[in-house]
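Letter by letter, the chains look like this.
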Amino acid sequence: MAVLKSLSILHWNCNGANARKNELLQHLAEARGKYDVICLQETHLKLGQRFHVKGYTTVRRDRDVGAGRASGGVATLIRDGLNFTECDSGNDIESICINIRVRGNFHRIANIYIPPIPHVVDEAHLAAIFSGNTIIVGD
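What counts, and where the lines are drawn
Residues numbered from 1 in each chain as written. Predicted model: local features only at pLDDT ≥ 70, side-chain atom pairs only at ≥ 80, totals over all residues. Heavy atoms only, no water. Phe/Tyr/Trp six-rings, centres within 6.5 Å; stacked < 30°, edge-to-face > 60°. Lys NZ or Arg CZ within 6 Å of the ring centre and 35° of its normal. Pairing = 2+ DSSP bridges. Helix = DSSP H or I, 4+ residues; strand = E, 2+ residues; numbered from the N terminus. Axes fitted to C-alpha atoms, helices over the stretch in contact; angles between N-to-C directions. Buried < 20%, exposed > 50% of the residue type's maximum accessible area, 1.4 Å probe, protein only.

Engineer: Residue-level account of the packing of aromatic side chains, with values.
Structural biologist: Each aromatic ring pair is specified by the distance between its two centres and by the angle formed by the two planes. Going through the model one piece at a time under the given rule, you end up with 0 aromatic pairs. A cation sits over an aromatic face here: Lys21 above Phe51, 5.3 Å from the ring centre.

Shown next, in the form of structure tokens:
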């Protein structure tokens, strides 16, 4: 198990994870160091559709659009070997929350996508996600 002294996060509204995967892989190949966590929004992945980046564990929350065109969705990729746990992020917004240990302290990373269409978000729910040492990324 790796011990993190710092945390490197990439956050990207990719507007289609599989359609832009080569762009992500190119960026990762050119990056000087590996990212510990990669947070993607608007992944447009359908339930059951495969998406994997070598060297990372993927946690996804796909938008269930039935037989229609996939849209929305979030994915959080955690570098292999890092110890993390998922937090409850509820069901009223597209989000993934993870807890990860850095320098002996746990930090929460909240990856959130809230679509631009009129959407009611419960403020109390958001407050619960953003408690403690929380890093918020998203669109």
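Back to the write-up after that little detour.
Engineer: Report on the sheet that holds strand 5 (residues 84–87), specifying residues and quantitative values.
Structural biologist: The strand order across the open sheet formed by 4 strands is 5-6-7-8, and the pairing between neighbours is mixed. The sheet is open, and its two borders are formed by strand 5 and strand 8 (134–138), each paired with just one other strand. Direction aside, neighbouring strands of the sheet carry axes that sit 25 degrees apart on average. Sheet analysis places strand 7 (residues 105–113) next to strand 8, joined by 5 bridges and oriented parallel. Its bridge partner lying in strand 8, Ile112 is registered against Gly138.

Engineer: Would you mind going over the pairing of strand 6 (residues 94–102) in detail, with residue names and values included?
Structural biologist: The side chains of a regular strand alternate, residue by residue, between the two faces of the sheet. Counting buried positions over the 9 residues of strand 6 gives 8, a clear majority of the element. Where strand 5 lies against strand 6, 4 bridges are found, and the strand directions are antiparallel. In the sheet register, Cys87 faces strand 6, and the bridge partner there is Cys97. Direction of pairing for strand 6 relative to strand 7: antiparallel, over a ladder of 9 bridges. Directly across from Cys97, in strand 7, lies its bridge partner Ala110. What sits between strand 6 and strand 7 in their antiparallel hairpin is a turn of 2 residues, with Arg103 showing a positive phi close to 50 degrees.

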